[in-house]
Number of protein chains: 2
Amino acid sequence: MAPLYVARPLLPSMADLNDLLAGVWESKMVTNEGPLHDRLEHALADKLGVPMAKVFSSGTSALQCALLSLELPVGAEVITTPLTFPATAHAITALGLKPVFADIDPETLTLDPSAVERAITPHTAAVIGVHVYGTICDVERLQRICDRHDLRLVFDAAHAFASEKAREKIACMGDMSVFSMHATKLFNTIEGGLVTSNNSAWGERLSLSRNFGIASEESVQSVGINGKMSELHAAVGLLNLELFEEERAIRRGLRARYDLVLQRFPGLKKQLYQPDVYQSEQYYMLRVDPDAFGSTRDDVCHRLKEREIIARRYFWPICTDYDCYRNYPITSLQAVPVAEQVKTTLLCLPFHSGVTNAHIETIASVFEDLHAGVTIAV
Amino acid sequence: MAPLYVARPLLPSMADLNDLLAGVWESKMVTNEGPLHDRLEHALADKLGVPMAKVFSSGTSALQCALLSLELPVGAEVITTPLTFPATAHAITALGLKPVFADIDPETLTLDPSAVERAITPHTAAVIGVHVYGTICDVERLQRICDRHDLRLVFDAAHAFASEKAREKIACMGDMSVFSMHATKLFNTIEGGLVTSNNSAWGERLSLSRNFGIASEESVQSVGINGKMSELHAAVGLLNLELFEEERAIRRGLRARYDLVLQRFPGLKKQLYQPDVYQSEQYYMLRVDPDAFGSTRDDVCHRLKEREIIARRYFWPICTDYDCYRNYPITSLQAVPVAEQVKTTLLCLPFHSGVTNAHIETIASVFEDLHAGVTIAV
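Residues numbered from 1 in each chain as written. Chains lettered and ligands numbered in written order. Predicted model: local features only at pLDDT ≥ 70, side-chain atom pairs only at ≥ 80, totals over all residues. Heavy atoms only, no water.

Caption draft 1: The arrangement of the side chain of Thr-135 of chain B in detail. Residues and elements named next belong to chain B. The topology assignment puts Thr-135 in the loop between strand E5 (124-130) and helix H6 (139-149). Engagement of the side chain of Thr-135 in a polar contact is seen with the side chain of Gln-271, the distance being 2.8 Å. When near neighbours in sequence (up to four residues on either side) are disregarded, Thr-135 contacts Thr-108, Thr-110, Gln-271, Leu-272 and Gln-274. (Helix = DSSP H or I, 4+ residues; strand = E, 2+ residues; numbered from the N terminus. Polar contact = N/O pair within 3.5 Å; in protein donor to acceptor, adjacent residues only side chain to side chain. Contact = heavy atoms within 4.5 Å.)

Okay, structure coming up:
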């Protein structure tokens, strides 16, 4: 068997891609907000049920442009979670802003609003919540806190594409929501990002931020970077928009199968089920309690790897483990922050339409072996 | 006639592109430093005669990653020219650094080393020279100044791809050279950027900077962004690498024809000829002296536009005209900075293999009409 990875990119057929690219080659409009780029933005706004959708070259450039649009003062503090992909914290730092880490809730693993409130200082300008593994933040409490302290609220929704909570679109929450459309995401444009907002007024500033602040041939209004998505990536996006719901449905079935197979092992805690959430199905994450299960998360990961199942210890290391943030504290209501407690237990299993019954049997047998304490001669 | 623009992207045949993309689709390695990305980096290092070449998602992300790699202190000053594309200054500002503008030389239109020296303060950390229109900076004097003051020297070489000065490769100068490979460039990857250096030691930091500072699955070392080039864009680059020299040769002929046609008009000053420079042929720029020619640059631009010839007033506005840098001075040895004197005279004419003899005749007739003072009824 070939190695099985956590993610496998959803790709349209080459024939369909060629049909779109033929028009691009004909017009020679290959980037700079071309016709496919515009079509993709409209299609995404429509699909996600949000008035404003802007596409970017990557999730990180989308986050950088979102923060640039907020025009926060240099050196301002932005509160976020340490349990996230590096991009969340780095997008803050790479703009000359300061990330401040607040602890997570032990059940949702998303930002703990009480910890956020405790982390606020006179320098705080914004909060970035992360819907990690597709589990939706406590949006209402975070919004109330931000309103009370006059802070901007942005969501990193990289794991929550086309997701809903209590029939409310995730893409409409906070000031803006930022999505990655990287190859590893449920919906992908190879490399790409997206910012959505219920407030269309952000649209103009976002457009400026992603195109060097250029308002017209005669006017550069604000600081901006190159966050433009090319027509090649937009073409992939337009086609994948027709395909991702089928992939999501397959993953929903896969989640049920994983749940069923793994439920017999004590010490494995599956991701929180939020009954009012329509999940993106981005990841299948579980927590391994070494005392109850009998082996550590790292043991599981290592043993799976021997069988060519490449699970990922997302998100470990957490941001405060990085060399560049090692002296940054995590503001917490606990003696040991929850993020520190859980970080060694998290494991993401392969989760895409390429996972077969044979793969699941292999995975189940690894858990079985480890739980039974059987040592396999290597 | 269809409108004629300053640039027209060089594109490989769809058939050739398909051959490469078939392999990408087969392997599903669509980004994250895939095989085509690696091949492109090696081919570029080879072509440009430089030991280290790293590709990026855009010229701006390349510049951001180059600056991130230098690990300049937050708030540090970076001296650059006001006569450049917005990206040069914005890449500095968007990292929380401060752009400081120094004046240009009246002949080369590149950074005036004396003005740079005058702009140095205890907060200065780096200098970014721009080989604007492919005219090469006074690299030796800039390097001596930077050495004396312990400053980093980076070149924005977006207009100087595969260029040489006195047989020395442009890509080898300073600490690093940064290239745009945007669709408008002689060599393009649709969207893309490149950093080269004679010092391979920068390679590791650049790789970290473009991939979130991730050193391994277990270690995030430094602040980084997403500067990765996808395999789609790398495929276009690999194919265009075989095509751009022919395009350059055509443009060299076009430059000679423009020179010949325009030489009869007083008050038109063509770009400085640097006899020891092998030009990139990125732009055909001329300066319009309204007193001697009888019409302004803006008149010429407007009248060309009426004939569907879309010339560009590159680079106007200059950086200190932007809303975001309006209160930034230009350090100069002149009462009125040279950049202010020339900015209303600069015009770039259409310059690519799509410019026909008929186009050139139209352009010549516009100059003829304006110079003769003939008013054409519109």
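Okay, back to it.
Caption draft 2: Geometry of the environment of Ser-280 of chain A. Residues and elements named next belong to chain A. Take Ser-280: it is sitting in the loop between strand E14 (277-278) and strand E15 (284-288). Given the relative accessible area of 1%, Ser-280 is considered buried. Taking the C-alpha atoms as reference points, Ser-280 and Arg-251, separated by 29 residues in sequence, lie 9.3 Å from one another. Apart from the residues lying within four places of it in its own chain, the contact partners of Ser-280 are His-159, Ala-160, Phe-161, Ser-163, Leu-186 and Arg-248. A distance of 3.0 Å separates the side chain of Ser-280 from the backbone oxygen of Phe-161, its partner in a polar contact. (Buried < 20%, exposed > 50% of the residue type's maximum accessible area, 1.4 Å probe, protein only.)

Caption draft 3: Just the UniProt feature "active site" (unreviewed entry) in chain A, in detail. All names here are of chain A. Cross-referencing UniProt, the feature "active site" (unreviewed entry) maps to Lys-185 in the present numbering. The class of Lys-185 is buried, set by a relative accessible area of 12%. Setting aside its immediate chain neighbours within four residues, Lys-185 contacts Ala-158, His-159, Ser-180 and Gln-282. (UniProt positions renumbered as here; feature names shortened; annotations may be inferred.)

Caption draft 4: Spotlight on the relation of the copies chain A and chain B. If you rotate chain A by 180° and push it 0.0 Å along the axis, it lands on chain B with an RMSD of 0.0 Å. This pairing of chains is accounted for by a two-fold axis. Comparing interface residues between copies, 100% of those in chain A also lie at the interface in chain B; the contact surface is shared. (Least-squares fit on C-alpha atoms with pLDDT ≥ 70 in both.)

Caption draft 5: Region of the structure containing the UniProt feature "modified residue: N6-(pyridoxal phosphate)lysine" (unreviewed entry) in chain A. In the numbering adopted here, UniProt assigns the feature "modified residue: N6-(pyridoxal phosphate)lysine" (unreviewed entry) to Lys-185 of chain A. Within the secondary structure, Lys-185 of chain A is located in the loop between strand E9 (176-180) and strand E10 (193-197).

Caption draft 6: Region of interest: the interface of chain A and chain B. The interface of chain A with chain B comprises 55 residues on the first partner and 55 residues on the second. With both sides pooled, the region where chain A packs onto chain B buries about 5,000 Å², and carbon together with sulfur makes up 66% of that total. The interface formed by chain A and chain B includes six salt bridges. Residue Lys-228 of chain A is joined to Glu-191 of chain B by a salt bridge in which the shortest nitrogen-to-oxygen separation is 3.0 Å. Where the side of chain A that touches chain B is concerned, the elements lending two or more residues are helix H1 (14-27), helix H3 (59-70), helix H4 (86-93), strand E12 (219-220) and helix H8 (231-240) of chain A. With six residues, the single largest contributor to the side of chain A that touches chain B is H1 of chain A. Among the residues forming the side of chain A that touches chain B, the class breakdown is 28 nonpolar, 18 polar and nine charged. (Buried area = accessible area lost by both parts, 1.4 Å probe. Salt bridge = Lys/Arg side-chain N within 4 Å of Asp/Glu carboxyl O. Nonpolar A, V, L, I, M, F, W, Y, C, P; charged D, E, K, R; others polar.)

Caption draft 7: Structural view of helix H2 (residues 35-48) of chain B. Residues and elements named next belong to chain B. Helix length check: H2 (14 residues) gives 20 Å between terminal C-alpha atoms against 20 Å at 1.5 Å per residue, within 8%. Those residues of H2 that sit buried are Leu-36, His-37, Leu-40, Glu-41, Leu-44, Ala-45 and Leu-48. Those residues of H2 that are buried are in contact with helix H1 (14-27), strand E2 (52-56), strand E8 (168-169), strand E10 (193-197), helix H7 (202-210) and helix H8 (231-240). One or two steps after H2, the chain reaches Gly-49, where phi turns positive at roughly 65°. (Expected span 1.5 Å × (residues − 1).)

Caption draft 8: Fine view of the sheet that holds E10 of chain B. Residues and elements named next belong to chain B. Taken in spatial order, the eight strands of this open sheet run E2-E10-E9-E6-E5-E3-E4-E17, and their pairing is mixed. Across the chains shown, the open sheet's two edge strands, defined by having one partner strand only, are E2 and strand E17 (330-331). Of the strands in this sheet, E2, E5, strand E6 (152-156), strand E9 (176-180) and E10 are in contact with helix H3 (residues 59-70), which crosses E9 at around 160°. Along the sheet face, helix H4 (residues 86-93) touches strand E3 (77-80), strand E4 (98-102), E5 and E6 and points at about 140° away from the line of E4. (Pairing = 2+ DSSP bridges. Axes fitted to C-alpha atoms, helices over the stretch in contact; angles between N-to-C directions.)

Caption draft 9: Inspection of the side chain of Glu-281 of chain B at higher detail. All names here are of chain B. Following the sequence through the fold, Glu-281 ends up in the loop between strand E14 (277-278) and strand E15 (284-288). We classify Glu-281 as buried; its relative accessible area is 4%. Setting aside anything within four residues of it in sequence, one finds Glu-281 in contact with Arg-248, Arg-251, Arg-252, Arg-255 and Phe-351.

Caption draft 10: Structural context of the nonpolar core. Of all hydrophobic cores here, the largest spans 120 residues; its most connected members are Leu-44 and Phe-161 of chain A together with Leu-44 and Phe-161 of chain B. Formed by 53 residues, the second largest nonpolar core is a distinct cluster that contains Phe-101 and Tyr-283 of chain A together with Leu-67 and Met-176 of chain B. (Core = buried A, V, L, I, M, F, W, Y, C linked by side-chain atoms within 4.5 Å.)

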